[in-house]
Amino acid sequence: MKVAVVGATGLVGTEMLKVLAERNFPVTELLPVASARSVGQEIEFRGQKYKVVSLDDAIAARPAVAIFSAGGAISLQEAPRFAAVGTVVIDNSSAWRMDPTKKLVVPEINAHTLTADDKIVANPNCSTIQLVVALNELHKKYKVERIVVSTYQSVTGTGKQAVDQMMQERAGQTASNPAYPHRIDLNVLPHIDVFQENGYTKEEMKMVLETKKIFGDDAIRLTATTVRVPVMGGHSEAVNVEFAQEFDLEDVRELLRHTEGVELVDDVQKNVYPMPQNAHGRDAVLVGRLRRDETQPKTLNMWVVADNLRKGAATNAVQIAEVMVKMGLLG
(Lines give C-alpha, C1' and ligand atoms only; values in the text may rest on other atoms or scores of the structure.)
Protein backbone atom coordinates (compact mmCIF):
# COMPACT_ATOMS: atom_id res chain seq x y z
CA MET A 1 0.00 0.00 0.00
CA LYS A 2 1.30 3.42 -0.99
CA VAL A 3 1.25 5.71 2.06
CA ALA A 4 1.97 9.46 2.24
CA VAL A 5 2.89 11.13 5.53
CA VAL A 6 2.41 14.89 5.19
CA GLY A 7 4.51 16.78 7.73
CA ALA A 8 6.91 13.83 7.97
CA THR A 9 9.78 15.82 9.51
CA GLY A 10 7.78 17.36 12.41
CA LEU A 11 7.36 15.91 15.91
CA VAL A 12 4.05 14.18 15.14
CA GLY A 13 5.13 13.17 11.62
CA THR A 14 8.25 11.50 13.01
CA GLU A 15 6.07 9.65 15.51
CA MET A 16 3.67 8.63 12.69
CA LEU A 17 6.56 6.93 10.87
CA LYS A 18 7.62 5.17 14.06
CA VAL A 19 4.06 3.94 14.74
CA LEU A 20 3.53 2.77 11.13
CA ALA A 21 6.71 0.68 11.45
CA GLU A 22 5.96 -0.64 14.96
CA ARG A 23 2.45 -1.72 14.04
CA ASN A 24 3.57 -3.31 10.76
CA PHE A 25 1.14 -1.25 8.71
CA PRO A 26 1.21 -2.67 5.14
CA VAL A 27 3.35 0.09 3.59
CA THR A 28 4.78 -0.96 0.22
CA GLU A 29 5.86 2.55 -0.76
CA LEU A 30 6.34 5.51 1.56
CA LEU A 31 5.92 9.10 0.40
CA PRO A 32 7.31 11.41 3.11
CA VAL A 33 6.05 14.94 2.42
CA ALA A 34 7.32 18.14 4.03
CA SER A 35 7.81 21.82 3.28
CA ALA A 36 9.66 22.93 0.13
CA ARG A 37 12.89 23.50 2.08
CA SER A 38 12.90 19.84 3.21
CA VAL A 39 12.32 18.31 -0.24
CA GLY A 40 15.22 16.04 -1.15
CA GLN A 41 16.20 15.37 2.45
CA GLU A 42 16.36 11.71 3.40
CA ILE A 43 14.44 10.00 6.18
CA GLU A 44 14.70 6.40 7.30
CA PHE A 45 11.77 4.02 7.55
CA ARG A 46 12.15 0.32 8.35
CA GLY A 47 15.85 0.46 7.57
CA GLN A 48 15.31 1.98 4.14
CA LYS A 49 16.02 5.57 3.08
CA TYR A 50 13.29 7.65 1.43
CA LYS A 51 13.61 11.12 -0.08
CA VAL A 52 11.18 13.80 1.09
CA VAL A 53 8.88 14.76 -1.80
CA SER A 54 6.66 17.75 -2.56
CA LEU A 55 2.88 17.79 -2.13
CA ASP A 56 2.38 17.86 -5.91
CA ASP A 57 4.59 14.80 -6.40
CA ALA A 58 2.77 12.93 -3.62
CA ILE A 59 -0.64 13.71 -5.14
CA ALA A 60 0.58 12.59 -8.57
CA ALA A 61 1.63 9.25 -7.02
CA ARG A 62 -2.01 8.65 -5.90
CA PRO A 63 -1.34 7.01 -2.52
CA ALA A 64 -4.06 4.87 -0.92
CA VAL A 65 -3.85 6.95 2.23
CA ALA A 66 -2.27 10.26 3.28
CA ILE A 67 -1.80 10.92 6.98
CA PHE A 68 -1.56 14.67 7.58
CA SER A 69 0.15 16.47 10.42
CA ALA A 70 1.14 19.75 8.84
CA GLY A 71 -1.26 22.27 10.38
CA GLY A 72 -4.77 23.41 9.56
CA ALA A 73 -3.97 25.76 6.66
CA ILE A 74 -2.14 23.04 4.69
CA SER A 75 -4.91 20.53 5.46
CA LEU A 76 -7.68 22.83 4.26
CA GLN A 77 -5.82 23.50 1.04
CA GLU A 78 -4.28 20.13 0.24
CA ALA A 79 -6.53 17.40 1.72
CA PRO A 80 -9.24 17.96 -0.93
CA ARG A 81 -6.58 17.64 -3.67
CA PHE A 82 -5.56 14.21 -2.35
CA ALA A 83 -9.20 13.19 -1.92
CA ALA A 84 -9.90 14.21 -5.53
CA VAL A 85 -7.48 11.53 -6.81
CA GLY A 86 -9.06 8.86 -4.58
CA THR A 87 -6.68 9.06 -1.63
CA VAL A 88 -8.14 8.71 1.88
CA VAL A 89 -6.85 11.55 4.06
CA ILE A 90 -6.55 11.14 7.83
CA ASP A 91 -5.96 14.62 9.18
CA ASN A 92 -4.44 15.46 12.54
CA SER A 93 -5.18 19.20 12.46
CA SER A 94 -8.33 20.97 13.66
CA ALA A 95 -9.26 21.91 10.06
CA TRP A 96 -12.01 19.33 9.46
CA ARG A 97 -12.98 18.20 12.95
CA MET A 98 -16.18 20.19 13.30
CA ASP A 99 -17.17 20.00 9.62
CA PRO A 100 -20.60 18.27 9.74
CA THR A 101 -19.74 16.34 6.55
CA LYS A 102 -16.56 14.82 8.09
CA LYS A 103 -16.21 12.01 10.66
CA LEU A 104 -14.23 12.69 13.84
CA VAL A 105 -12.91 9.28 14.80
CA VAL A 106 -11.52 7.52 17.84
CA PRO A 107 -11.45 3.87 16.68
CA GLU A 108 -12.40 2.39 20.08
CA ILE A 109 -15.58 4.50 20.05
CA ASN A 110 -16.94 5.27 16.59
CA ALA A 111 -14.90 3.55 13.85
CA HIS A 112 -18.07 1.68 12.84
CA THR A 113 -19.42 4.94 11.35
CA LEU A 114 -16.77 5.02 8.59
CA THR A 115 -17.86 4.35 5.00
CA ALA A 116 -16.34 4.33 1.49
CA ASP A 117 -17.55 7.92 1.08
CA ASP A 118 -15.25 9.17 3.85
CA LYS A 119 -12.28 10.50 1.91
CA ILE A 120 -11.25 13.03 4.60
CA VAL A 121 -11.35 11.71 8.17
CA ALA A 122 -10.51 13.94 11.13
CA ASN A 123 -8.25 12.86 13.99
CA PRO A 124 -9.43 14.54 17.24
CA ASN A 125 -7.45 16.85 19.49
CA CYS A 126 -4.92 15.07 21.74
CA SER A 127 -6.56 16.14 25.00
CA THR A 128 -9.99 15.07 23.74
CA ILE A 129 -8.84 11.61 22.62
CA GLN A 130 -7.54 10.51 26.02
CA LEU A 131 -10.62 11.89 27.77
CA VAL A 132 -13.17 10.07 25.59
CA VAL A 133 -11.21 6.79 25.59
CA ALA A 134 -11.17 6.85 29.41
CA LEU A 135 -14.90 7.63 29.60
CA ASN A 136 -16.17 5.38 26.78
CA GLU A 137 -17.45 2.37 28.75
CA LEU A 138 -18.48 4.51 31.73
CA HIS A 139 -20.61 6.64 29.42
CA LYS A 140 -22.30 3.53 28.01
CA LYS A 141 -23.21 2.26 31.48
CA TYR A 142 -23.87 5.40 33.54
CA LYS A 143 -24.37 8.14 30.87
CA VAL A 144 -22.10 11.16 31.22
CA GLU A 145 -24.05 14.34 31.98
CA ARG A 146 -21.35 16.87 32.87
CA ILE A 147 -17.53 16.99 32.78
CA VAL A 148 -15.21 19.49 34.45
CA VAL A 149 -11.67 18.96 33.16
CA SER A 150 -8.38 20.72 33.84
CA THR A 151 -5.43 19.71 31.67
CA TYR A 152 -1.68 19.69 32.27
CA GLN A 153 -0.31 19.55 28.73
CA SER A 154 3.18 18.67 27.54
CA VAL A 155 5.26 21.14 25.53
CA THR A 156 5.57 18.47 22.82
CA GLY A 157 1.96 19.31 21.93
CA THR A 158 3.20 22.65 20.61
CA GLY A 159 6.16 21.20 18.68
CA LYS A 160 9.93 21.34 18.39
CA GLN A 161 10.09 25.10 18.91
CA ALA A 162 8.45 24.72 22.33
CA VAL A 163 10.72 21.84 23.37
CA ASP A 164 13.74 23.95 22.36
CA GLN A 165 12.42 26.91 24.37
CA MET A 166 12.00 24.80 27.51
CA MET A 167 15.40 23.14 27.21
CA GLN A 168 17.18 26.46 26.57
CA GLU A 169 15.47 28.00 29.61
CA ARG A 170 16.35 24.93 31.67
CA ALA A 171 20.00 25.43 30.68
CA GLY A 172 19.82 29.01 31.98
CA GLN A 173 19.66 30.62 28.54
CA THR A 174 17.15 33.01 27.02
CA ALA A 175 15.15 31.15 24.37
CA SER A 176 16.35 32.17 20.91
CA ASN A 177 12.99 31.55 19.21
CA PRO A 178 10.31 31.17 21.91
CA ALA A 179 7.05 29.39 21.12
CA TYR A 180 5.21 30.95 24.07
CA PRO A 181 4.58 34.54 25.19
CA HIS A 182 6.15 33.74 28.59
CA ARG A 183 8.84 31.52 30.06
CA ILE A 184 7.66 27.88 30.21
CA ASP A 185 10.35 26.19 32.34
CA LEU A 186 9.54 26.47 36.07
CA ASN A 187 6.21 27.99 35.05
CA VAL A 188 2.71 27.01 33.87
CA LEU A 189 0.67 28.84 31.24
CA PRO A 190 -3.16 28.73 31.42
CA HIS A 191 -3.18 29.48 27.71
CA ILE A 192 -3.27 26.88 24.91
CA ASP A 193 -4.13 28.11 21.41
CA VAL A 194 -5.84 31.48 20.95
CA PHE A 195 -8.38 33.16 23.22
CA GLN A 196 -11.98 33.28 21.98
CA GLU A 197 -14.64 35.94 22.52
CA ASN A 198 -16.16 33.95 25.39
CA GLY A 199 -12.87 34.06 27.35
CA TYR A 200 -12.05 30.40 26.73
CA THR A 201 -9.16 29.29 24.55
CA LYS A 202 -9.64 27.48 21.28
CA GLU A 203 -8.14 24.34 22.91
CA GLU A 204 -10.78 24.46 25.66
CA MET A 205 -13.58 24.82 23.13
CA LYS A 206 -12.15 21.97 21.03
CA MET A 207 -12.61 19.68 24.04
CA VAL A 208 -16.20 20.86 24.51
CA LEU A 209 -17.28 20.44 20.89
CA GLU A 210 -15.25 17.36 19.95
CA THR A 211 -16.40 15.33 22.97
CA LYS A 212 -20.05 15.86 22.01
CA LYS A 213 -19.37 14.95 18.36
CA ILE A 214 -17.36 11.77 19.11
CA PHE A 215 -19.95 10.46 21.57
CA GLY A 216 -22.79 11.66 19.33
CA ASP A 217 -24.37 13.31 22.35
CA ASP A 218 -25.00 17.06 22.34
CA ALA A 219 -26.50 16.86 25.82
CA ILE A 220 -23.08 16.35 27.45
CA ARG A 221 -22.04 19.51 29.27
CA LEU A 222 -18.28 20.06 29.46
CA THR A 223 -16.17 22.90 30.78
CA ALA A 224 -12.39 22.93 30.45
CA THR A 225 -9.31 24.81 31.58
CA THR A 226 -6.28 23.83 29.49
CA VAL A 227 -2.80 24.50 30.85
CA ARG A 228 0.69 24.11 29.37
CA VAL A 229 3.22 22.65 31.81
CA PRO A 230 7.03 22.22 31.51
CA VAL A 231 6.79 18.49 30.89
CA MET A 232 7.54 16.10 28.02
CA GLY A 233 6.06 12.65 27.61
CA GLY A 234 2.33 13.20 27.85
CA HIS A 235 -0.73 15.20 28.79
CA SER A 236 -2.46 14.78 32.15
CA GLU A 237 -6.07 15.60 32.99
CA ALA A 238 -7.96 16.05 36.25
CA VAL A 239 -11.47 14.93 35.33
CA ASN A 240 -14.64 15.40 37.38
CA VAL A 241 -17.53 13.59 35.72
CA GLU A 242 -21.18 13.59 36.75
CA PHE A 243 -23.30 10.66 35.55
CA ALA A 244 -27.05 10.24 35.13
CA GLN A 245 -26.90 6.92 37.03
CA GLU A 246 -25.36 6.11 40.39
CA PHE A 247 -22.23 3.94 40.29
CA ASP A 248 -20.29 1.56 42.48
CA LEU A 249 -16.57 2.42 42.61
CA GLU A 250 -15.49 -1.21 42.27
CA ASP A 251 -17.72 -1.59 39.21
CA VAL A 252 -16.06 1.52 37.74
CA ARG A 253 -12.63 -0.08 38.27
CA GLU A 254 -13.80 -3.28 36.64
CA LEU A 255 -15.22 -1.40 33.64
CA LEU A 256 -11.95 0.51 33.22
CA ARG A 257 -9.93 -2.72 33.42
CA HIS A 258 -11.91 -3.93 30.41
CA THR A 259 -12.06 -0.66 28.47
CA GLU A 260 -10.23 -0.94 25.16
CA GLY A 261 -7.20 1.33 25.09
CA VAL A 262 -7.20 1.96 28.85
CA GLU A 263 -4.81 0.76 31.55
CA LEU A 264 -5.92 1.12 35.16
CA VAL A 265 -2.99 2.47 37.22
CA ASP A 266 -4.46 3.01 40.66
CA ASP A 267 -2.78 1.76 43.83
CA VAL A 268 -2.27 4.82 45.99
CA GLN A 269 -1.06 2.76 48.97
CA LYS A 270 2.03 2.01 46.88
CA ASN A 271 2.17 5.52 45.32
CA VAL A 272 1.06 4.07 42.00
CA TYR A 273 -0.84 6.49 39.74
CA PRO A 274 -0.53 7.68 36.13
CA MET A 275 2.35 10.02 35.29
CA PRO A 276 3.61 11.41 31.96
CA GLN A 277 6.95 9.66 32.36
CA ASN A 278 5.12 6.32 32.49
CA ALA A 279 2.87 7.14 29.52
CA HIS A 280 5.76 8.26 27.31
CA GLY A 281 6.24 6.05 24.25
CA ARG A 282 3.12 4.01 25.00
CA ASP A 283 -0.32 3.84 23.38
CA ALA A 284 -2.43 3.12 26.46
CA VAL A 285 -4.49 5.80 28.19
CA LEU A 286 -3.55 5.52 31.87
CA VAL A 287 -6.33 6.10 34.40
CA GLY A 288 -6.03 6.37 38.18
CA ARG A 289 -6.79 8.37 41.38
CA LEU A 290 -10.37 7.08 41.19
CA ARG A 291 -12.56 8.49 43.96
CA ARG A 292 -16.04 9.75 44.54
CA ASP A 293 -16.73 13.46 44.53
CA GLU A 294 -18.01 13.71 48.10
CA THR A 295 -19.76 17.03 47.46
CA GLN A 296 -22.48 15.62 45.21
CA PRO A 297 -23.98 12.29 44.11
CA LYS A 298 -23.23 10.28 40.96
CA THR A 299 -19.91 12.10 40.45
CA LEU A 300 -16.44 10.62 39.95
CA ASN A 301 -12.95 12.13 40.08
CA MET A 302 -10.24 10.57 37.95
CA TRP A 303 -6.73 11.34 36.66
CA VAL A 304 -6.07 10.53 33.00
CA VAL A 305 -2.62 10.51 31.33
CA ALA A 306 -1.52 9.64 27.78
CA ASP A 307 1.36 10.26 25.39
CA ASN A 308 0.00 13.13 23.31
CA LEU A 309 2.23 12.33 20.33
CA ARG A 310 1.09 8.70 20.25
CA LYS A 311 -2.55 7.94 21.22
CA GLY A 312 -3.13 11.69 21.21
CA ALA A 313 -2.04 11.96 17.57
CA ALA A 314 0.04 9.43 15.60
CA THR A 315 -1.29 6.14 16.98
CA ASN A 316 -4.93 7.19 16.72
CA ALA A 317 -4.39 8.22 13.07
CA VAL A 318 -2.69 4.91 12.20
CA GLN A 319 -5.43 2.99 14.05
CA ILE A 320 -8.02 4.76 11.88
CA ALA A 321 -6.09 3.61 8.80
CA GLU A 322 -5.90 0.04 10.17
CA VAL A 323 -9.65 -0.06 10.75
CA MET A 324 -10.28 1.24 7.22
CA VAL A 325 -8.04 -1.53 5.82
CA LYS A 326 -10.02 -4.14 7.80
CA MET A 327 -13.30 -2.67 6.56
CA GLY A 328 -12.07 -2.81 2.96
CA LEU A 329 -12.09 1.01 2.65
CA LEU A 330 -8.35 1.28 1.88
CA GLY A 331 -6.19 -0.52 -0.62
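All residue numbers refer to positions counted from 1 along the written sequence of the respective chain. Local features in this predicted model are restricted to residues whose pLDDT is 70 or higher, and side-chain atom pairs enter the listing and the counts only when it is 80 or higher, whereas totals over whole chains, interfaces and linings include all residues. The basis for the side-chain values is all heavy atoms of the structure; hydrogens and waters are excluded.

1. Side note on the nonpolar core
With 53 residues, the main nonpolar core has Phe82, Leu138, Ile147, Val241, Val287, Leu300 and Met302 as its most contacted residues. Each helix is a run of H or I in the DSSP string that is no shorter than four residues. Each strand is a run of E no shorter than two, and both are numbered from the N terminus. With 8 residues, helix α5 (residues 126-142) is the largest single contributor of residues to this core. What makes two residues a contact is simply this: any of their non-hydrogen atoms within 4.5 Å. Residues within four places of Phe82 in sequence aside, it is in contact with Ala4, Val6, Leu55, Ala58, Ile59, Pro63, Ala66, Phe68, Thr87 and Val89. Ala8, Val121, Leu329 and Leu330 belong to the second largest nonpolar core, which has 35 residues in total. Put simply, a nonpolar core is a bunch of buried Ala, Val, Leu, Ile, Met, Phe, Trp, Tyr and Cys residues held in one set by side-chain atoms that sit within 4.5 Å of each other. Buried means the residue's accessible area, taken with a 1.4 Å probe over protein chains only, is under 20% of the maximum for its type, while exposed means over 50%, and partly exposed covers the values in between.

2. Section: the layout of surface pockets
Two kinds of site are reported from a 1 Å grid over the protein atoms alone, namely cavities, where a 1.4 Å probe fits but cannot get out, and pockets, open sets with protein on both sides within 12 Å along at least five of seven lines, and residues are called lining when an atom falls within 4 Å of a point. Grid points are joined across faces, edges and corners, and a volume is the space filled by probe spheres set on the points. Considering only enclosed or pocket space, the second largest pocket measures out at about 170 Å³ in volume. Arg23, Pro107, Glu108, Glu260, Gly261, Asp283, Lys311, Gln319, Glu322, Val323 and Lys326 are the residues that line the second largest pocket. Only α4 (107-110) and α10 (310-326) provide two or more residues apiece to the lining of the second largest pocket. When residues in the lining of the second largest pocket are grouped by element, the largest group, 5 residues, is from α10. Looking at the lining of the second largest pocket, its residues break down into 2 nonpolar, 2 polar and 7 charged. Classes in brief: Ala, Val, Leu, Ile, Met, Phe, Trp, Tyr, Cys and Pro nonpolar; Asp, Glu, Lys and Arg charged; the others, Gly included, polar.

3. Quick word on the UniProt feature "active site" (unreviewed entry) in the chain
With numbering matched to this structure, UniProt assigns "active site" (unreviewed entry) to Cys126 and His235. On the basis of their most widely separated C-alpha atoms, the annotated residues across 110 residues gather in one place, lying no more than 8.2 Å apart. Taking the relative accessible area as the measure of exposure, Cys126 reaches 15% and is therefore buried. Residues contacting Cys126, with those up to four places away along its chain left out, are Glu203, His235, Asn308 and Gly312. UniProt positions are given in the numbering used here, feature names are shortened, and annotations may be inferred rather than shown by experiment.

4. Notes on the sheet that holds strand β14 (residues 299-306)
In a beta sheet, neighbouring strands pair by backbone hydrogen bonds and run either parallel or antiparallel. Strand pairing requires that DSSP identify at least two bridges connecting the strands. The 6 strands are arranged β10-β9-β11-β14-β13-β12 in an open sheet whose pairing can be described as mixed. Of all the strands in the sheet, the pair left with one neighbour each is β10 (221-228) and β12 (262-264). Strand after strand, the sheet turns through a mean of 20 degrees between neighbouring axes, direction not considered. Sheet analysis places strand β11 (residues 235-243) next to β14, joined by 8 bridges and oriented antiparallel. Its bridge partner being in β14, Asn240 is matched across the sheet by Asn301. For every element, the axis is a line fit to its C-alpha atoms; helices are fit only across the contacting stretch, and the angle between N-to-C directions ranges from 0 to 180 degrees. Lying over the sheet, α5 contacts β9 (144-153), β10, β11, β12, β13 (285-292) and β14, oriented at roughly 30 degrees with respect to β11.

5. Details of the pattern of salt bridges
Any Lys or Arg side-chain nitrogen located within 4 Å of an Asp or Glu carboxyl oxygen qualifies as a salt bridge. Scanning the model with the defined rule gives 26 salt bridges in all. Residue Arg81 pairs with Asp56 through a salt bridge whose shortest N-O separation is 2.8 Å. Taken as a pair, Arg81 in helix α3 (residues 72-84) and Asp56 in helix α2 (residues 55-60) lie far apart in primary sequence, 25 residues in all. For Arg81, a relative accessible area of 35% translates into the label partly exposed. What makes Asp56 partly exposed here is its relative accessible area of 48%.

6. A look at the sheet that holds strand β2 (residues 29-33)
What the 6 strands build is an open sheet, ordered β2-β1-β5-β6-β8-β7; its pairing is parallel. Edge strands, defined here as strands with exactly one partner in the open sheet, are β2 and β7 (103-104). With 4 bridges joining them, strand β1 (residues 2-6) and strand β5 (residues 65-68) adopt parallel strand pairing. Across the sheet, residue Val5 finds its bridge partner in β5, namely Ile67. Along the sheet face, α10 touches β5, β6 (88-91) and β8 (120-122) and points at about 150 degrees away from the line of β6.

7. Focus on unusual backbone geometry
One non-glycine residue, Asn24, lies in positive phi territory at about 55 degrees. For Asn24, the location among the structural elements is in the loop between α1 (11-22) and β2. Among the residues examined, Asn24 registers a relative accessible area of 59% and is labelled exposed. At Arg46, a position not held by glycine, the phi torsion is positive, near 50 degrees. Here Arg46 is to be found in the loop between β3 (42-45) and β4 (48-51).

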